[in-house]
Amino acid sequence: MLRDITIGQHFPGNSVVHRCDPRLKIIATIAYIIVLFMASNPLGIALSLALLALLYKVAQIPIKLIVKSLKPIVPIVLFTAVLNLFFITGEGEPLVHFGFIHIYREGVSYAVLMAVRIVALIAGTSLLTYTTSPIVLTDAIEALLKPFAKLHLPVHELAMMMTIALRFIPLLIDETEKIMNAQKARGAMLDNGKFMDRIKALVPVLIPLFISAFRRADELAMAMECRCYHGGEGRTRLKVLKFGALDVKCAVALTLCLAVILSTRWIMAGI
């Protein structure tokens, strides 16, 4: 299960999505999330999924990888769907009436839309890290936050911390799996027993995991000091971010697609 988590991983490629300016991809991801929640109707969600599938096809990232990476969030999706199923009321007679439980048609439709929306949200944000290396992502975040530097906000440090945290996710996942396999080899019952027994069995995993995380952080800090890292002031970059003709075409195409998806909010309201 842990190997299915691909958040924070980068898959190198030479597709149009890979070659786009990272600043454009960050802004497009934020815009996609906003549109995803504003176009809260079946047509808007369907078009959002179609756009996402097209981007993954262009990026040459297999759909099997996306399905595999979504497995860990299935409990969260189901929990959210069940909450909306039971707490959303509607007009008319309920579809299911059992004691204090009332399930309406509106609750069922909203639960399905919410579940699909969460899946699209995770897959959409994952596309950003799949197609953008951590170093380039750091430069893009720093460039977008640069106006806040006038307010004495440590822009470079914030961008560096966000990228390091994102980069550490797959490393900690691999470390957790190694520790769990080592504990199982020593006879630890991590997958059996009652719920409380499983929680208690995780203690021998969490303690070495925290120690390993602090050790990796200390090694990273020492490596940065050995390379004379002293923040963003005076630093040069191997690849300077430039907004080219390809980025203009992609920005126009994405703007039109998101505008069409957003227009379904008023189209469906007028029907």
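So, a few notes on the structure that sits alongside this text. Source: prediction; values computed, not measured.

What about the overall build of the chain?
- On a plain count of helices and strands, the chain comes out with 11 helices and 2 strands.
- Secondary structure elements of the chain, listed N to C terminal, follow the sequence α-α-α-α-α-β-β-α-α-α-α-α-α.
- Per-residue burial over the chain gives 32% buried out of 271 residues.
- Excluding contacts between residues fewer than 6 apart, the proportion of contacts in the chain whose partners are at least 24 apart in sequence is 73%.
- When the accessible surface of the chain is summed, it comes to about 17,300 Å², and 70% of that surface belongs to carbon and sulfur atoms.

Regarding helix α8 (residues 155-185)
- Compared with the 45 Å implied by 1.5 Å per residue over 31 residues, the 45 Å span of α8 between its first and last C-alpha is a close match.
- If you look at α8, its biggest bend is around 30°, right at Ile169, and the proline Pro170 turns up within four residues after that.
- Backbone geometry just downstream of α8 places Gly187 in the positive-phi region, at approximately 95°.

Things to note about a nonpolar patch on the surface
- Together, Met196, Ile199, Leu202, Leu206, Phe210 and Phe214 line one region of the surface with nonpolar side chains, adding up to about 610 Å² of accessible area.
- The set of elements that each furnish at least two residues to the nonpolar patch consists of α9 (195-201) and α10 (203-226).
- Sorting elements by how many residues they give to the nonpolar patch places α10 first, with 3 residues.
- Structurally, Leu206 is set in helix α10.

Comments concerning the packing of helix α2 (residues 22-38) against helix α6 (residues 105-130)
- Close contact between α2 and α6 brings their axes to 10 Å; oriented N to C, the two are set at 175°. Put simply, α2 runs roughly antiparallel to α6. Residues Lys25, Ile26, Thr29, Tyr32, Ile33, Leu36 and Phe37 of α2 lie in contact with α6, whose contacting residues are Arg117, Ala120, Leu121, Gly124, Thr125 and Leu128.
- Residues that form the contact of α2 with α6 fall into these classes: 8 nonpolar, 3 polar and 2 charged.

Some remarks on the nonpolar core
- If you look at the biggest cluster of nonpolar residues, it comprises 28 residues, and the most contacted ones within it are Tyr32, Tyr56, Ile61 and Ile66.
- Among the elements of the structure, α2, α3 (42-59), α4 (63-70), α5 (74-87), α6 and α11 (245-270) are those that each provide at least two residues to this core.
- Considering every element that reaches this core, the biggest residue donor is α6, with 9 residues.
- Leaving out residues up to four positions away in the same chain, Ile61 has contacts with Tyr56, Ile66, Leu127, Tyr130 and Thr131.
- Within the second largest apolar cluster, 6 residues are counted, among which are Ile26, Leu137, Ala140 and Ile141.

Observations concerning the pattern of salt bridges
- Under the counting rule described, the total for this entry stands at 2 salt bridges.
- In this structure, the salt-bridge partner of Asp21 is Arg23, at a minimum N-O distance of 2.8 Å.
- For Asp21, a relative accessible area of 3% translates into the label buried.
- When the shortest N-O distance is used, the salt bridge between Arg216 and Glu175 registers 3.3 Å. With Arg216 in helix α10 and Glu175 in helix α8, this pair connects stretches of sequence that are 41 residues apart.

Quick look at the packing of α4 against α6
- In contact at an axis separation of 11 Å, α4 and α6 are set at 120° when each is read in the N-to-C sense. Of the possible angle classes, the one that applies to α4 and α6 is oblique. Relative to α6, the crossing made by α4 is right-handed. Residues Ile66, Ser69 and Leu70 of α4 pack against Val119, Ile122, Ala123 and Tyr130 of α6.
- Here the residues of the contact of α4 with α6 sort into 6 nonpolar, 1 polar and no charged.

Considering the side chain of Asp139
- Within the secondary structure, Asp139 sits in helix α7 (residues 134-145).
- Classification of Asp139 as buried rests on a relative accessible area of 14%.
- Discounting residues that sit within four places of it in the chain, Asp139 has contacts with Arg237, Lys239 and Leu241.

Let's talk about the packing of aromatic side chains
- Taken as a whole and assessed by the stated rule, the structure comprises 2 aromatic pairs.
- On the basis of an interplanar angle of 65° and a centroid distance of 6.4 Å, the ring pair of Tyr56 and Tyr130 is categorised as edge-to-face. Of this pair, Tyr56 sits in helix α3 while Tyr130 sits in helix α6, and the two are 74 residues apart along the sequence.
- The rings of Phe11, Tyr56 and Tyr130 are connected pair by pair, giving a single aromatic cluster.

The rules we used
Residues numbered from 1 in each chain as written. Predicted model: local features only at pLDDT ≥ 70, side-chain atom pairs only at ≥ 80, totals over all residues. Heavy atoms only, no water. Helix = DSSP H or I, 4+ residues; strand = E, 2+ residues; numbered from the N terminus. Buried < 20%, exposed > 50% of the residue type's maximum accessible area, 1.4 Å probe, protein only. Contact = heavy atoms within 4.5 Å. Areas by Shrake-Rupley, 256 points an atom, 1.4 Å probe, with all protein chains shown as cover. Expected span 1.5 Å × (residues − 1). Bend = angle between axes of the 7 residues up to and from the residue. Patch = residues over 30% accessible without salt bridge, like charges linked within 9 Å, V, L, I, M, F, W, Y side chains within 5 Å. Salt bridge = Lys/Arg side-chain N within 4 Å of Asp/Glu carboxyl O. Axes fitted to C-alpha atoms, helices over the stretch in contact; angles between N-to-C directions. Parallel < 35°, antiparallel > 145°, perpendicular 65-115°, else oblique. Nonpolar A, V, L, I, M, F, W, Y, C, P; charged D, E, K, R; others polar. Core = buried A, V, L, I, M, F, W, Y, C linked by side-chain atoms within 4.5 Å. Left-handed = near helix turned anticlockwise from the far one by under 90°. Phe/Tyr/Trp six-rings, centres within 6.5 Å; stacked < 30°, edge-to-face > 60°.

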